[in-house]
Amino acid sequence: MVVSDGREQRIPVTGIDAGTSHLALLSWSRFLLVSSRTSRDEKGTWNRNAIVYSPGGYPMSHLCIGDDIEDVLTDREGGIWTSHGDEGIYGLHPASSEGLARWDTDGAQTWGPLGEKRLPVLPLGAIGGTTEGGVAWLGWFSPEGAFVTRVDPALGETTSYRLPQKNIDGIAVRGTRMLLSHAFHNRPGVELARLELVGDAWATTSHVHLRLSEPVTRRCVQGREGVLWICGGDTWTRIEA
């Protein structure tokens, strides 16, 4: 269902797998459906776990974008960003082992945290992410705490920052301001933290408890272009970073 200017448009979609767990928007009104897991077939080829759909809800292409996908983002250029869990990082898929990756809509990996772009420590899982213009902010955690990595594909720049808290499921960034969320799943409560970038560190400036009219569920929070969207039941709440 698409809601625009107060009107609803329902688009029938074909070919949805039972394991589908992520939805993301793409340019030209296309969208992406992703299953978290993949495996090899008898020939050793990784099964495709993502489908690009046309604006009318028809499959356009099938691709594989790694294993044990915990979070999916898309950017203005049509890039697909994935963050992976421990079964992917310590599994056999080569791109998943890096923890973070960017793909094009043909399924080719276009970025990974290698060489000079290496992360400070190896991730164990994702804690949300967001886009800001052509930049992606990818949140992740490790035994040494939580981090967020800013990736600018156009300039080839990658910068990682430590975050003051680990229990995060949503991130929104606008300039030097950041908004973090921690939803209490199956309950109508969300903790929000506002941060400011001071020098090369993010500092917490305030905490707020937000109560929604209906309970929130897993993967109910999405960050995009400086806004955090939180879904409780059939209602989306919009919060500016």
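Quick note: structure is the one above.
Residues numbered from 1 in each chain as written. Predicted model: local features only at pLDDT ≥ 70, side-chain atom pairs only at ≥ 80, totals over all residues. Heavy atoms only, no water.

(A) Broad picture of the sheet that holds strand β21 (residues 235-240). Judged by pairing direction, the sheet is antiparallel, and its 3 strands sit side by side in the order β19-β20-β21 without closing on themselves. Every interior strand has two partners, whereas the edge strands, β19 (216-224) and β21, have only one. Direction aside, neighbouring strands of the sheet carry axes that sit 20 degrees apart on average. For β19 and strand β20 (residues 227-232), the ladder comprises 5 bridges, and the chain directions are antiparallel. (Pairing = 2+ DSSP bridges. Helix = DSSP H or I, 4+ residues; strand = E, 2+ residues; numbered from the N terminus. Axes fitted to C-alpha atoms, helices over the stretch in contact; angles between N-to-C directions.)

(B) Spatial organisation of the pairing of strand β5 (residues 50-53). Of the two faces of β5, both are covered, the one formed by A50 and V52 as well as the one formed by I51 and Y53. As judged from the 4 bridges shared by β5 and strand β6 (residues 59-63), these two strands associate in the antiparallel manner. Note that in β6 the partner of V52 across the bridge is S61. Hairpin connection between β5 and β6: a loop of 5 residues separates the two successive antiparallel strands, and G57 in this loop has a positive phi of roughly 90 degrees. (Buried < 20%, exposed > 50% of the residue type's maximum accessible area, 1.4 Å probe, protein only.)

(C) Broad picture of the pattern of salt bridges. Here the structure, examined in full by the defined rule, presents 6 salt bridges. Across the salt bridge formed by D67 and R37, the nearest N and O atoms sit 2.8 Å from each other. Separated by 30 residues along the polypeptide, D67 in the loop between β6 and β7 (69-74) and R37 in the loop between β4 (31-35) and β5 bring together distant segments of the chain. Residue class for D67 comes out buried when judged on its relative accessible area of 7%. The residue R76 makes a salt bridge to E225 at a minimum N-O spacing of 3.3 Å. In this pair, R76 sits in the loop between β7 and β8 (80-84) while E225 sits in the loop between β19 and β20, placing the two residues 149 residues apart along the sequence. (Salt bridge = Lys/Arg side-chain N within 4 Å of Asp/Glu carboxyl O.)

(D) Focus on the packing of aromatic side chains. Enumeration according to the criterion identifies 6 aromatic pairs in this entry. Measuring from ring centre to ring centre gives 5.1 Å for F31 and Y53, while their planes differ by 5 degrees; the resulting arrangement is stacked. Note that F31 is positioned in strand β4 and Y53 in strand β5, a separation of 22 residues in sequence. Aromatic side chains W81 and W111 sit 5.6 Å apart centroid to centroid with 55 degrees between the ring planes, which places their arrangement in the tilted category. (Phe/Tyr/Trp six-rings, centres within 6.5 Å; stacked < 30°, edge-to-face > 60°.)

(E) Up close: the nonpolar core. Counting 15 residues, the largest nonpolar core has W137, V148, L163, I171, M178, L180 and W202 as its most contacted members. Sorting the residues of this core by element identifies β12 (135-142), β13 (145-152), β14 (157-163), β15 (170-174), β16 (177-184) and β17 (189-198) as the ones contributing at least two each. Setting aside residues no more than four positions away along its own chain, M178 makes contact with W137, V148, L163, I171, A172, V173, A193, R194, L195 and W202. (Core = buried A, V, L, I, M, F, W, Y, C linked by side-chain atoms within 4.5 Å. Contact = heavy atoms within 4.5 Å.)

(F) Fine view of the environment of S27. Structurally, S27 can be placed in the loop between β3 (20-25) and β4. The class for S27 is buried, based on a relative accessible area of 19%. Each C-alpha atom, one on S27 and one on D75, is 8.3 Å from the other, the two residues being 48 residues apart in sequence. Apart from residues no more than four positions distant in its own chain, S27 is found in contact with R76 and G78.

(G) Structural detail: the state of the cysteines. Evaluated as defined, the whole model comprises 0 disulfides. The thiol sulfur of C220 is not disulfide-bonded, and the nearest other cysteine sulfur, from C231, lies at 6.9 Å. (Disulfide = S-S within 2.5 Å.)

(H) Representation of the sheet that holds β5. Read across the open sheet, the 4 strands follow the order β3-β4-β5-β6; overall the sheet is antiparallel. Lying at the two open borders of the sheet, with one neighbouring strand each, are β3 and β6. If you compare each strand with its neighbour and ignore which way they point, the axes differ by 20 degrees on average. Pairing of β3 with β4, which is carried by 5 bridges, proceeds in the antiparallel orientation. Bridge pairing links L23 to L33 in β4.

Just geometry here; none of it tells us what the structure is for.
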